[in-house]
Amino acid sequence: MHAALLERCDANDRQGAQRCLLDYPDLAAKDNDGRTLLMAVCERKDTHMVRNVLRVMQEQKCDANLRDKCGVCALALGVESRSVVAMLLLLPWNVAPDA
């Protein structure tokens, strides 16, 4: 589900990733592990895409506090991957690291 955008991120194709993001049908959609696109980019430490995904989520009034099948949220994934910028970007969204 998130593969096309993540492949562009991995290839450092910022323009391609941005196009994919703008065409993304549902930012609350989850993959087989229950992870959203925001969770995936936080885990990858892609702060540029974390910022862009959050911007689009704000425009679409999406919930950044969703959790995967194990109950983990995007902020917890940012902490786990030691992505300080991702954590700082998520804090204003009041994402709670534990439920």
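Chains are numbered independently. Their residues run from 1 in the order of the written sequence. Thresholds applied to this predicted model are a pLDDT of at least 70 for local features of residues and 80 or more for the giving and counting of side-chain atom pairs; totals over whole chains, interfaces and linings are not thresholded and use all residues. As a convention, hydrogens and water are excluded, and side-chain values are obtained from all of the structure's heavy atoms.

Colleague: Is there a simple way to think about the environment of His 2 in this case?
Modeller: Helix and strand assignments follow DSSP, with helices taken as H or I runs no shorter than four residues and strands as E runs no shorter than two, numbered in order from the N terminus. Turning to its location among the elements, His 2 is positioned in the segment before helix H1 (3–10). Residues His 2 and Arg 35, spaced 33 residues apart in sequence, show a C-alpha to C-alpha distance of 9.4 Å. Aside from chain neighbours lying at most four places away, what touches His 2 is Tyr 24, Ala 29, Lys 30, Asp 31, Arg 35, Thr 36 and Leu 37. In this structure the side chain of His 2 is engaged in a polar contact, spanning 2.8 Å, whose partner is the backbone oxygen of Arg 35. The contact rule is simple, with two residues in contact once any of their heavy atoms fall within 4.5 Å. Counted as a polar contact is a pair of N or O atoms within 3.5 Å, where, for protein atoms, one must be capable of donating a hydrogen and the other of accepting one, and residues adjacent in sequence contribute only when both atoms are in side chains.

Colleague: Looking at this structure, I do not really get the pattern of salt bridges. What am I missing?
Modeller: Pairing between side chains of opposite charge can happen when their charged atoms approach one another. Definition used for salt bridges: Asp or Glu carboxyl oxygen within 4 Å of a side-chain nitrogen of Lys or Arg. Evaluated as defined, the whole model comprises five salt bridges. Residue Asp 10 is joined to Arg 44 by a salt bridge in which the shortest nitrogen-to-oxygen separation is 3.1 Å. A residue pair is termed long-range when its members are at least 10 positions apart, and Asp 10 in helix H1 and Arg 44 in the loop between helix H3 (37–43) and helix H4 (47–60) qualify at 34 residues. Given the relative accessible area of 39%, Arg 44 is considered partly exposed. Only protein chains enter the accessibility calculation, which uses a 1.4 Å probe. A residue is then buried if its area is under 20% of the maximum for its type, exposed if over 50%, and partly exposed in between.

Colleague: Would you explain H4 in this entry?
Modeller: When the terminal C-alpha atoms of H4 are compared, their 20 Å separation across 14 residues agrees well with the 20 Å that a helix rising 1.5 Å per residue should span. For H4, the complete set of buried residues consists of Met 49, Val 50, Asn 52, Val 53, Leu 54, Val 56 and Met 57. After H4 finishes, the residue Lys 61 shows a positive phi value of roughly 55°. One less than the residue count of a helix, multiplied by 1.5 Å, gives the span that helix is expected to have.

Colleague: Can you help me understand the nonpolar core in this one?
Modeller: Across soluble globular proteins, nonpolar side chains show a tendency to be buried alongside one another. Counting 24 residues, the largest nonpolar core has Leu 5, Leu 37 and Leu 38 as its most contacted members. Contributing elements (two or more residues each) for this core: H1, helix H2 (14–22), H3, H4 and helix H5 (74–80). In plain words, nonpolar cores are sets of buried Ala, Val, Leu, Ile, Met, Phe, Trp, Tyr and Cys residues tied together by side-chain atoms within 4.5 Å.

Colleague: Which parts of the structure should I look at to understand H2?
Modeller: Since the α-helix turns once every 3.6 residues, residues separated by three or four places project in the same direction. Listed as buried for H2 are Gly 16, Ala 17, Gln 18, Cys 20 and Leu 21. Where H2 is buried, its residues contact H1, H3 and H4.

Colleague: Before we go on, may I ask you to explain the packing of H2 against H4 in this structure?
Modeller: The description of two packed helices rests on the angle between their axes and on the distance between the axes. Following both chains from N to C, one finds H2 and H4 inclined at 25°, their axes separated by 11 Å at the closest point. It follows that H2 is roughly parallel to H4 by the angle criterion. H2 and H4 meet at a crossing whose hand is right-handed. From H2, Arg 14, Ala 17, Gln 18, Leu 21 and Leu 22 reach across to H4, where they touch His 48, Met 49, Asn 52, Val 53, Arg 55 and Val 56. Looking at the contact of H2 with H4 residue by residue, the class counts come to six nonpolar, three polar and two charged. Helix axes are fitted to C-alpha atoms over the stretch in contact, other axes to C-alpha atoms as well, and angles between N-to-C directions run from 0 to 180 degrees. Roughly parallel here means an angle under 35 degrees, roughly antiparallel means over 145, roughly perpendicular means 65 to 115, and every remaining angle is called oblique. For any pair of crossing helices, the crossing counts as left-handed if the nearer helix is rotated counterclockwise from the farther one by less than a right angle, and right-handed if it is rotated clockwise. Residue polarity is assigned by list, with Asp, Glu, Lys and Arg as charged and Ala, Val, Leu, Ile, Met, Phe, Trp, Tyr, Cys and Pro as nonpolar; anything else, Gly included, falls into the polar class.

Colleague: Mind showing me how you'd approach unusual backbone geometry here?
Modeller: Only a minority of non-glycine residues have a phi that is not negative, and only a minority of peptide bonds are not trans. Phi at Asn 12 is positive, roughly 60°, even though this residue is not glycine. Turning to its location among the elements, Asn 12 is positioned in the loop between H1 and H2.

Colleague: Just to check I follow, could you spell out the environment of Asn 32 for this structure?
Modeller: Its place among the elements puts Asn 32 in the loop between H2 and H3. On the basis of relative accessible area, Asn 32 is assigned to the exposed category, the value being 69%. For the pair formed by Asn 32 and Met 1, sequence separation is 31 residues and the distance between their alpha carbons is 8.7 Å.

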